[in-house]
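# Examination of the molecular architecture
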Amino acid sequence: MTTTPMRIVHCVRSPIGGIFRHIRDLAICQSEAGHDVGLVCDSNTGSAFDNRLLEELKPRLALGIARFPMQRQLTVQDLTATVSLYKHIRDLKPDILHGHGAKGGAYARLIGSVLRLRGQKAARVYCPHGGSLHYDPNRFEGRVYHTLERLLGRLTDGLIFVSDYEAAAYESKVGHTKARSRIVYNGLTPDEFTPVPVDEAAADFLYIGMLRDLKGPDLFIEALYNIRLKNGTAPKAHIVGEGPDEERYRNMVRKLGLDGAITFHGALPAREAFKLARNVVVPSRAEAMPYIILETVAAERPLIATRVGGIPEIFGRYANRLVEPGHIGKLTTAMEEALVDPARMAQQAKNLRSCLAETFSVDLMNDRITTLYQEIQGIAPTDSSTPAQADSVSAVPRAQTVLARSSNR
C-alpha cells in the first residue's frame, strides 16, 4: 500500500521491556515504509543490555533518539522535563506525536496540544500499555491518575489499546473516549515462530521479565520453596531479567535456602533464555498484552501463566489453563503438574503455537497503527476491522467482569 510519508515521534519514559519492544518494532516498520521516525525517552533508565538495543535502533531513525531525565512518579521536575522535551519535539515538526505509557502519553499530549496552539498540526496519539490503568480506582493513587487520564483524554486524537482488556479498563476507570480508538494486538516477526529447543542440561523452570512485584518473581520463588517443602528437593530454576526489586529477590532466595536451586542471569534475549529451562513461568499480578507470553508461545515452549490482562486473549479457547493471579497455592500446583507430566505440557505448547501467527503479527500491528494515523489526519478511509481487533471500545462490556480484580500497582 502506498502511503504519504509522515514525521512520527514516539515518546516513552522507560525504554525497557515489552513497551520498548513494541516501540522498536513499530518504529522499524514505519521507517522501512518511508516515514521519518524519532524517539524521545528517559536518560536515566536502562541497563547495558537496554542501551545496546537503543544504539542498534538509532541508525534506523531519521529523526534520531533523544534522551532527557524523566521521573517515574509525578514530581515538580516534570515541569523542567516538559520544557526540554517541548523544545526538542517542536524542532522535529512531527505530524504524529505518539505517547507510550502514562508518562510518555502525558508528555506527548501536553506538548502536542501546545504545538497545535502554535500552528503545528501534530496529531496526539496515546497507548497506555497498562500504565496508570493498573491502579485500583478505589485507592487514592488510582483516583489521582485516572482523573489525570480523564483530563488528558480531552487532548487526545487517537487511542491505541493493546488488548480488549486494556480497552475495557480504560472505559471503566477513565471513561468513554471521543478520540478515534483502536485495539491493536502486539505482534511478532515471522522468524520468531520457529520452535526453540532447550539445552541438554536445562533446568525445570524459567522466570523471564522485569524484576518487580507487579510481575510476580516473589511468587515464582515462593512456589519453588513450597515444592521443596513437599518433595525435599527444590526444582532447578533460572531468573532472567533486571529491575528495581532484584536485590530483594536475591535476599529472598538466600533466606529460603534456594541458592543452589535458583540462578540469576540479568537480561538476556528471550529466545536465548528459553534454552535454559523446560518450562516458562509468568506469574504476573497485572499485565496489558505481554510480549513474553507471545514470545514463549511462538517458540513452542511449555508455559504456566496467570489469568490477568490480555493473557486470556492470547490463550483463546485454552484460557482455562491459566492460573489465578496472586494465588501461590495454585501456582505451586501448576508447577508440580508440569514436573509430573512434561508430555502434556509439550502438547499444550504445540496447540497454542498453531493458532497464534495470524493474529499476533508485527506487520498487522504496524498496518493498523499507521492506518489510524492516516485516518486522524484525514488521508485514509476508515478501516474495516476484523472481529478480533475492533476499532471501537463500545463492545468492551464483555471484559468488565475481570476489572473488579484489577491489581494495585
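Residues numbered from 1 in each chain as written. Predicted model: local features only at pLDDT ≥ 70, side-chain atom pairs only at ≥ 80, totals over all residues. Heavy atoms only, no water.

## A few points about the overall build of the protein chain
In terms of regular secondary structure, the protein chain is built from 15 helices and twelve strands. The C-alpha atoms of the protein chain give 21 Å as radius of gyration, which agrees with the globular expectation for 409 residues (22 Å, within 12%). Once the C-alpha set of the protein chain is aligned to its principal axes, its extents read approximately 70 × 45 × 45 Å. Buried residues in the protein chain amount to 56% of all 409 residues. Put simply, of all contacts in the protein chain between residues at least 6 apart along the chain, 75% involve residues at least 24 apart. By element, 52% of the accessible surface of the protein chain is carried by carbon and sulfur atoms, the whole surface being about 17500 Å². (Helix = DSSP H or I, 4+ residues; strand = E, 2+ residues; numbered from the N terminus. Rg over C-alpha atoms; globule rule 2.2 N^0.38 Å. Buried < 20%, exposed > 50% of the residue type's maximum accessible area, 1.4 Å probe, protein only. Contact = heavy atoms within 4.5 Å. Areas by Shrake-Rupley, 256 points an atom, 1.4 Å probe, with all protein chains shown as cover.)

## Considerations on the side chain of Thr 332
The residue Thr 332 is located in helix 12 (residues 328–340) in this model. Residue class for Thr 332 comes out buried when judged on its relative accessible area of 6%. Setting aside residues no more than four positions away along its own chain, Thr 332 makes contact with Ala 223, Asn 226 and Ile 227.

## Section: the sheet that holds strand 2 (residues 36–42)
Spatial ordering of the open sheet is given by 3-2-1-4-5-6-7, a layout of seven strands whose pairing is parallel. Whereas interior strands pair on both sides, the edge strands pair on one side only; in this sheet they are strand 3 (65–68) and strand 7 (180–183). Put simply, the sheet's adjacent strands are angled 20° from each other on average, direction ignored. With four bridges connecting them, strand 2 and strand 3 associate as parallel partners. (Pairing = 2+ DSSP bridges. Axes fitted to C-alpha atoms, helices over the stretch in contact; angles between N-to-C directions.)

## Some remarks on the confidence of the model for the protein chain
When pLDDT drops low, the exact placement of atoms in the prediction is not to be read closely. Across the protein chain, pLDDT averages 91, with 92% of residues at or above 70. pLDDT under 50 marks residues 392–409. Its contacts with residues more than four places away, or in other chains, come to 43 contacts. (pLDDT = per-residue confidence, 0-100.)

## With respect to the packing of aromatic side chains
In total, this model carries four aromatic pairs according to the counting rule given. A centroid spacing of 5.3 Å and a plane angle of 55° characterise the contact between Phe 161 and Tyr 170, whose relative ring orientation is tilted. Where Tyr 207 meets Phe 220, the ring centres are 6.0 Å apart and the plane angle is 40°; that geometry is what we call tilted. Of the two residues, Tyr 207 sits in strand 8 (residues 203–208) while Phe 220 sits in helix 7 (residues 217–231), which places them 13 residues apart along the sequence. The residues Tyr 207 and Phe 220 share a single accessibility class, namely buried. Across the ring face of Tyr 126, the terminal group of Arg 109 is positioned such that the distance to the ring centre comes to 3.7 Å. (Phe/Tyr/Trp six-rings, centres within 6.5 Å; stacked < 30°, edge-to-face > 60°. Lys NZ or Arg CZ within 6 Å of the ring centre and 35° of its normal.)

## Side note on the packing of helix 7 against helix 8 (residues 246–255)
The geometry of helix 7 relative to helix 8 is characterised by a closest axis approach of 10 Å and an angle of 10° between their N-to-C directions. Between helix 7 and helix 8, the angle falls in the class roughly parallel. Residue-level inspection shows Pro 217, Asp 218, Ile 221 and Glu 222 of helix 7 in contact with helix 8, the latter providing Tyr 249, Met 252 and Val 253. Here the residues of the contact of helix 7 with helix 8 are counted per class, giving five nonpolar, no polar and two charged. (Parallel < 35°, antiparallel > 145°, perpendicular 65-115°, else oblique. Nonpolar A, V, L, I, M, F, W, Y, C, P; charged D, E, K, R; others polar.)

## A look at the nonpolar core
The biggest cluster of nonpolar side chains holds 62 residues, and the ones touching the most others in it are Ile 208, Phe 274, Ile 293 and Phe 315. The next biggest cluster of nonpolar side chains, apart from the first, holds 27 residues, and it includes Phe 220, Ile 227, Phe 264 and Ala 338. (Core = buried A, V, L, I, M, F, W, Y, C linked by side-chain atoms within 4.5 Å.)

## Here we look at the environment of Gly 64
You can see Gly 64 is positioned in the loop between helix 2 (48–57) and strand 3. For the pair formed by Gly 64 and Tyr 107, sequence separation is 43 residues and the distance between their alpha carbons is 18 Å.

## Section: the state of the cysteines
Should the sulfur atoms of two cysteines be covalently bonded, the bond is a disulfide. If you walk through the whole model with that rule in mind, you get zero disulfides. Free of any disulfide, Cys 29 has its nearest neighbouring cysteine sulfur in Cys 127, separated by 15 Å. Here Cys 41 stays free of any disulfide, with the sulfur of Cys 11 as its closest cysteine sulfur at 8.6 Å. (Disulfide = S-S within 2.5 Å.)

## Quick word on a nonpolar patch on the surface
Taken together, Leu 74, Leu 148 and Leu 151 make up a surface patch of nonpolar side chains, about 250 Å² in accessible area. With respect to the secondary-structure elements, Leu 74 resides in the loop between strand 3 and helix 3 (77–92). (Patch = residues over 30% accessible without salt bridge, like charges linked within 9 Å, V, L, I, M, F, W, Y side chains within 5 Å. Salt bridge = Lys/Arg side-chain N within 4 Å of Asp/Glu carboxyl O.)

## A word on the packing of helix 1 (residues 17–32) against helix 2
At their nearest, the axes of helix 1 and helix 2 sit 11 Å apart, and the two run at 10° to each other. Comparing the axis directions of helix 1 and helix 2 gives the class roughly parallel. Together, Phe 20, Arg 24 and Ile 28 of helix 1 and Leu 53, Leu 54 and Leu 57 of helix 2 make up the contact between the two elements. Here the contact of helix 1 with helix 2 is built from residues that sort into five nonpolar, no polar and one charged.

## Side note on the environment of Arg 307
Topologically, Arg 307 is positioned in the loop between strand 12 (303–305) and helix 11 (311–315). The class of Arg 307 is partly exposed, set by a relative accessible area of 32%. It is 26 Å that separates the C-alpha atoms of Arg 307 and Phe 264, two residues lying 43 residues apart in sequence. Other than its neighbours up to four places away in sequence, Arg 307 contacts Pro 312, Ala 319, Asn 320, Leu 322, Val 323, Glu 324 and Pro 325.

## Re the pattern of salt bridges
Under the criterion given, the structure shown has 24 salt bridges. Between Arg 116 and Asp 157 there is a salt bridge, and its shortest N-O distance comes to 3.5 Å. Taken together, the residues Arg 116 in helix 4 (residues 101–117) and Asp 157 in the loop between helix 5 (140–153) and strand 6 (158–161) connect sequence positions 41 residues apart. Arg 285 serves as the salt-bridge partner of Asp 218, at 2.8 Å between the closest nitrogen and oxygen. Of this pair, Asp 218 sits in helix 7 while Arg 285 sits in the loop between strand 11 (277–282) and helix 10 (291–298); the two residues are 67 residues apart in sequence, bridging distant segments of the chain. Residue Asp 218 is classed as buried on the basis of its relative accessible area, which comes to 12%.

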